[in-house]
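# Residue-level structure breakdown
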Amino acid sequence: MIASLRGQLKAVRDDSVIIDVGGVGYRVYVTGPTLSELSDIGQVVELHTHLHVRENDIAVYGFRSLAELDLFVMLIGVSGIGPRTALATLSAFSPETLRDALVQGDALALTRIPGIGPKTAQRLVFDLRDKVTAAAGALVAPGLSPEDVDVIDALTSLGYSVLEAQTALRAIPKDLHELDERILAALQSLGSG
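Quick caveat: nothing in here was measured; it's all calculated off a predicted structure. (Residues numbered from 1 in each chain as written. Predicted model: local features only at pLDDT ≥ 70, side-chain atom pairs only at ≥ 80, totals over all residues. Heavy atoms only, no water.)

## Considerations on helix α3 (residues 83-92)
Definition in use: For the exposure calls, accessible area comes from a 1.4 Å probe over protein chains only, and a residue counts as buried if that area is under 20% of its type's maximum, exposed if over 50%, partly exposed in between. For helices the rule is a DSSP run of H or I covering at least 4 residues; for strands it is a run of E covering at least 2, with both sets numbered from the N terminus onward. Contacts are assigned to residue pairs that have any heavy atoms within 4.5 Å of one another.
Listing the buried residues of α3 in full gives Pro-83, Thr-85, Ala-86, Leu-87, Thr-89 and Leu-90. Against β3 (24-29), β4 (44-54), β5 (57-63), α2 (66-76) and α4 (95-103) lie the buried residues of α3.

Written as structure tokens, this is what we have:
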């Protein structure tokens, strides 16, 4: 399996890029935001990749971050979601926004993606809500005290993303130890940002 590619950007297409790795040009399908970042022909690029094999097609999908790759793999694991629809989903939403929509059960937001109707959006929420919540918990937990995790849990339950909650956590004064004071200080930092 091809897990990543690092090489020289040779060409940019409508939905993909060509990366020269040791004299071999790989066509890699990428999201819209990644495509806009990779515009300087000749630059050295590195992408995390997923090799997708079907009966009559082999394709490589590339991502700037492991978070995008992980969500892509989760998305294509849902019945009725193929790689193109998963790529369109990650083009429409940042990984954090997509996680938030899935965790909050916001199927309506998902219907704005081409190829995803109301039933498919509901299936995405149903199939991925727990997986995304567990993955977000794994991202939050390492290196944080139980008190910090409580603050992040409180903020995410109020609708803030994990990234916003982690940023607010860093803004809490060190002399605050009570949970309610820490949450209030985090909310104030989010309100002033």
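What follows picks up the thread again.
## Topic: the environment of Lys-174
For Lys-174, the position within the fold is in the loop between α8 (162-170) and α9 (179-192). Taking the C-alpha atoms as reference points, Lys-174 and Gly-117, 57 residues apart in sequence, are found 47 Å from one another.

## Some words on the nonpolar core
Short version of the rule: Note on terminology: a nonpolar core comprises buried Ala, Val, Leu, Ile, Met, Phe, Trp, Tyr and Cys residues joined through side-chain atoms within 4.5 Å.
Residues Phe-72, Leu-75, Leu-98, Leu-102, Leu-110, Leu-124 and Leu-128 are the most contacted members of the largest nonpolar core, which totals 29 residues. Looking at this core, the elements with two or more residues in it are β5, α2, α3, α4, α5 (107-110) and α6 (118-140). Element by element, the count of residues in this core is highest for α2, at six residues. In this view, Leu-128 contacts Met-74, Leu-75, Val-78 and Leu-102; residues no more than four positions away in its chain are not counted. Counting residues in each nonpolar core, the second largest holds twelve residues, with Ile-152, Leu-169, Ile-172 and Leu-176 among its members.

## Brief notes about the sheet that holds β5
Here is the rule: Note: two strands are recorded as paired if DSSP finds a minimum of 2 bridges between them. Angles shown run from 0 to 180 degrees and are taken between the N-to-C directions of axes, each axis being a line fitted to C-alpha atoms and, for helices, limited to the stretch in contact.
The sheet built from five strands closes into a barrel, its strands ordered β1-β2-β3-β5-β4 with mixed pairing. Adjacent strand axes in the sheet meet at a mean angle of 55° when their direction is disregarded. In terms of strand pairing, β4 meets β5 through seven bridges, oriented antiparallel. Residue pairing across strands places Arg-54 opposite Asp-57, the latter belonging to β5. Packed onto the sheet, α3 meets β3, β4 and β5 and runs at close to 15° relative to β5.

## A look at the pairing of β3
The pairing of strand β2 (residues 16-21) with β3 spans six bridges and is antiparallel. In the sheet register, Asp-20 faces β3, and the bridge partner there is Gly-25. By the bridge criterion, two bridges tie β3 to β5 in an arrangement that is parallel. When the bridges of β5 are listed, Val-28 appears paired with Val-60.

## As for the packing of aromatic side chains
The criterion, for reference: Each Phe, Tyr or Trp ring, with Trp reduced to its six-membered ring, pairs with another whose centre is within 6.5 Å; inter-plane angles below 30 degrees give stacked pairs, above 60 give edge-to-face pairs, and intermediate values give tilted ones. Lysine NZ or arginine CZ positioned within 6 Å of the ring centre and within 35 degrees of the ring normal marks a charge as sitting over the ring.
In this structure the tally under the stated criterion is three aromatic pairs. Relative to Tyr-61, the ring of Tyr-29 lies with its centre 5.6 Å away and its plane at 35°, an arrangement referred to as tilted. In this pair, Tyr-29 sits in strand β3 while Tyr-61 sits in strand β5, placing the two residues 32 residues apart along the sequence. Taken as a pair, Tyr-29 and Tyr-61 share a single burial class, namely buried. Ring centres 4.9 Å apart and planes at 45° place the aromatic pair Phe-63 and Phe-72 in the tilted group. The buried category is assigned to Phe-72, whose relative accessible area is 0%. By way of ring pairs, the aromatic residues Tyr-29, Tyr-61, Phe-63 and Phe-72 are connected into one cluster. Residue placement shows Arg-84 over the ring face of Tyr-29; its charged tip is 4.1 Å from the ring centre.

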